[in-house]
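Understanding the architecture of this molecule
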Amino acid sequence: MESTNPAESTTQVENLRDKVVQAIKQVYDPEIPVDVYELGLIYEITLYPVNNVYVQMTLTSPNCPSAEYIPSEVKDKIQQIQGINNVEVEVTFDPPYSQDMMSEAAKLELGFL
């Protein structure tokens, strides 16, 4: 039976979003020992009805040698979440990536702090 309680629906969406973020955090740029989420490569995560997920992301460089691999791994990790239907990952270079997009944890790990 579907829940009609808006608070319950909001909690379910937040829980699913947390699972999506945790899945994305399993993906690493092979050249950098920090996950793509902490690197700041994820610009947008949108959850649509019936557990469809849209992710807009970038890469550290348009010439990134892992340009094919990283977005497909993000998609694969999200699709492994129970209950997820369709996953779309779009790569953009607008705005261009900069080190300012990294989390504090990523900057610390990479020696930028």
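All of the points below concern the structure found in this document.

The rules behind each value
Residues numbered from 1 in each chain as written. Predicted model: local features only at pLDDT ≥ 70, side-chain atom pairs only at ≥ 80, totals over all residues. Heavy atoms only, no water. Helix = DSSP H or I, 4+ residues; strand = E, 2+ residues; numbered from the N terminus. Buried < 20%, exposed > 50% of the residue type's maximum accessible area, 1.4 Å probe, protein only. Contact = heavy atoms within 4.5 Å. Areas by Shrake-Rupley, 256 points an atom, 1.4 Å probe, with all protein chains shown as cover. Lys, Arg positive; Asp, Glu negative; His and termini not counted. Charge placed at Lys NZ, Arg CZ, Asp CG, Glu CD. Pairing = 2+ DSSP bridges. Axes fitted to C-alpha atoms, helices over the stretch in contact; angles between N-to-C directions. Core = buried A, V, L, I, M, F, W, Y, C linked by side-chain atoms within 4.5 Å.

Digging into the overall build of the protein
- Helix and strand counts for the protein stand at three helices and three strands.
- Tracing the protein from N to C terminus, the helices and strands come up as α-β-β-α-β-α.
- C-alpha extents for the protein along the principal axes are approximately 50 × 30 × 25 Å.
- When burial is assessed residue by residue, the protein has 35% of its 113 residues classed as buried.
- Looking at the protein alone, contacts between residues at least 24 apart form 60% of all its contacts between residues at least 6 apart.
- Carbon together with sulfur atoms contributes 48% to the accessible area of the protein, which is approximately 7000 Å² in total.
- Of the side chains in the protein, 6 bear a positive and 18 a negative charge, and the two mean positions are spaced by 4 Å.

Regarding the sheet that holds strand β1 (residues 42-48)
- Reading across the sheet, the three strands line up as β1-β2-β3 and stay open at both edges, with mixed pairing between neighbours. Each having just a single partner strand, β1 and β3 (87-91) make up the two edges of the open sheet. Here the average twist between neighbouring strands, direction ignored, is 10°.
- Direction of pairing for strand β2 (residues 52-57) relative to β3: parallel, over a ladder of five bridges.

Notes on the nonpolar core
- Within the largest apolar cluster, 27 residues are counted, with the highest numbers of intra-cluster contacts made by Ile 24, Val 36, Val 55, Met 57, Ile 70, Val 74 and Ile 78.
- Broken down by secondary-structure element, the contributors of at least two residues to this core are α1 (6-24), β1, β2, α2 (69-79) and β3.
- For this core, the element with the most residues is α1, which contributes five residues.
- Ignoring anything within four residues of it in the chain, the contact list for Ile 24 reads Val 36, Tyr 37, Ile 42, Ile 45, Val 55, Val 74 and Ile 78.

Some thoughts on the environment of Glu 104
- Along the chain, Glu 104 turns up in helix α3 (residues 104-109).
- On the accessibility criterion, Glu 104 (51% relative accessible area) is exposed.
- Taking the C-alpha atoms as reference, Glu 104 lies 9.4 Å from Leu 39; in sequence the two are 65 residues apart.

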